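Examining the three-dimensional arrangement
Below are the chains, spelled out letter by letter.
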Amino acid sequence: MARVVELAYYPVKGCAGSAVREAVLTPAGLAHDRSFMVVGEQGVYRTQRRDPRLALIVPTIGADGLRLTLNAPRHEPVAIDVDTTGPRRDVDLFGAAFLGIDQGDDAAEWLSTVLAAPSRLVRVPPEHHRVTDGRTPGTSGYADSCAVHLLSRSSLDLLNEKLAERGAAPMPMDRFRPNIVVGGWDEPHTEDRARHITVGAAELGYAKPAIRCAVTVVDQLTGERDGPEPLRSLAGYRRAREGGVAFGAKFAVLRPGRLAVGDELTVGTWGETEV
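Residues numbered from 1 in each chain as written. Predicted model: local features only at pLDDT ≥ 70, side-chain atom pairs only at ≥ 80, totals over all residues. Heavy atoms only, no water.

A few words on the overall build of the protein chain. Of the regular secondary structure elements, the protein chain holds three helices and 20 strands. Against the globule reference of 19 Å for 275 residues, the protein chain gives a C-alpha radius of gyration of 18 Å, in line with a compact fold. C-alpha extents for the protein chain along the principal axes are approximately 50 × 40 × 35 Å. Expressed as a percentage of the 275 residues in the protein chain, the buried residues total 53%. A fraction of 69% describes how many contacts in the protein chain between residues 6 or more apart in sequence connect residues 24 or more apart. Working note: accessible area of the protein chain is about 11,900 Å², and carbon and sulfur atoms make up 50% of it. Placing the 33 positive and 36 negative side-chain charges of the protein chain at their respective mean positions leaves the two points 3 Å apart. (Helix = DSSP H or I, 4+ residues; strand = E, 2+ residues; numbered from the N terminus. Rg over C-alpha atoms; globule rule 2.2 N^0.38 Å. Buried < 20%, exposed > 50% of the residue type's maximum accessible area, 1.4 Å probe, protein only. Contact = heavy atoms within 4.5 Å. Areas by Shrake-Rupley, 256 points an atom, 1.4 Å probe, with all protein chains shown as cover. Lys, Arg positive; Asp, Glu negative; His and termini not counted. Charge placed at Lys NZ, Arg CZ, Asp CG, Glu CD.)

This paragraph deals with the sheet that holds strand β11 (residues 120-123). The sheet built from four strands is open, its strands ordered β5-β11-β10-β9 with antiparallel pairing. Only two strands of the sheet have a single partner each, and these edge strands are β5 (36-39) and β9 (88-93). On average, each strand axis in the sheet is inclined to that of its neighbour by 50°, with strand direction left out of account. Relative to β11, β5 runs antiparallel, the two being bridged by four bridges. Its bridge partner being in β11, Phe36 is matched across the sheet by Arg123. In this fold helix α1 (residues 105-115) packs onto β5 and β11, with an angle of close to 125° to the strand it touches most, β11. (Pairing = 2+ DSSP bridges. Axes fitted to C-alpha atoms, helices over the stretch in contact; angles between N-to-C directions.)

Across residues other than glycine, the phi torsion is negative in most instances, and most of the peptide bonds are trans. For the peptide bond that leads from Gly227 to Pro228, omega is 20°, which places it in the cis range. Relative to the helices and strands, Pro228 is located in the loop between β17 (224-225) and α3 (231-235). Cis rather than trans, the peptide bond between Glu229 and Pro230 has omega equal to 10°. Backbone geometry places Arg74, a non-glycine residue, at a positive phi of 65°. Inspection of the secondary structure assignment puts Arg74 in the loop between β7 (67-72) and β8 (75-81).

Following this line, the structure appears as structure tokens:
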């Protein structure tokens with residue numbers, strides 16, 4: 001029987017996640033997931049692809065979303081009252097234009113010091129309207145694409161078997177930054193074929209494979225790149241038909257609801273893999 005074995009959300013895009021036992025799934029993903037983003041002086045998003053030290057920043061946010069604290073090794077934490085009404089500014093995410101609400105100078109100065117680069121923190125505005133792509137359209141905050149990234153333990157187990165054959169160290173789940181981790185699927189990459197999922201009080205619709213990037217070679221505990229794994233091994237057996245290396249799947253939210261670790265996950269419709 002397939003069940004949710006891990007849940008995580010990432011309040012600030014590119015920064016450390018928060019593992020939780022239960023969460024509310026909104027139309028844009030788990031509550032508070034990627035609702036903030038670090039940007040440079042011109043409003044262009046920062047990512048672990050270029051700024052791997054983002055992994056060392058640990059955000060915590062209250063359930064009501066009104067207070068955000070940022071922590072990092074060897075730095076005093078900074079806490080801010082979240083601004084949801086301030087002036088909007090232009091931000092750039094993968095070349096797409098969006099708006100963000102600047103969260104003030106305290107957060108900006110702290111981030112600039114930690115990342116050693118001029119940075120500011122923005123929040124998704126309440127009127128944020130983004131249509132994500134894939135087989136099932138949806139919406140999301142500042143996620144790379146779709147609202148939910150789902151990955152099974154059996155998929156990671158297979159990857160680690162292949163890494164062991166190369167004499168490489170196993171990869172932890174946090175390298176892939178999923179929102180929902182599923183246990184109980186014996187066949188690796190079952191998530192590739194799931195088209196309609198019911199879990200907890202929510203429903204998910206398959207959008208597309210999760211195409212992996214250089215973030216997967218960043219050690220999430222040290223904020224340092226230690227590649228070429230896992231991309232080298234994944235490239236040998238996980239090529240997506242439309243290009244890129246795939247691991248996990250992206251889903252849109254069809255029905256919001258509450259999720260919890262231990263919830264049964266049921267697939268109502270299956271399809272063929274795109275990998």
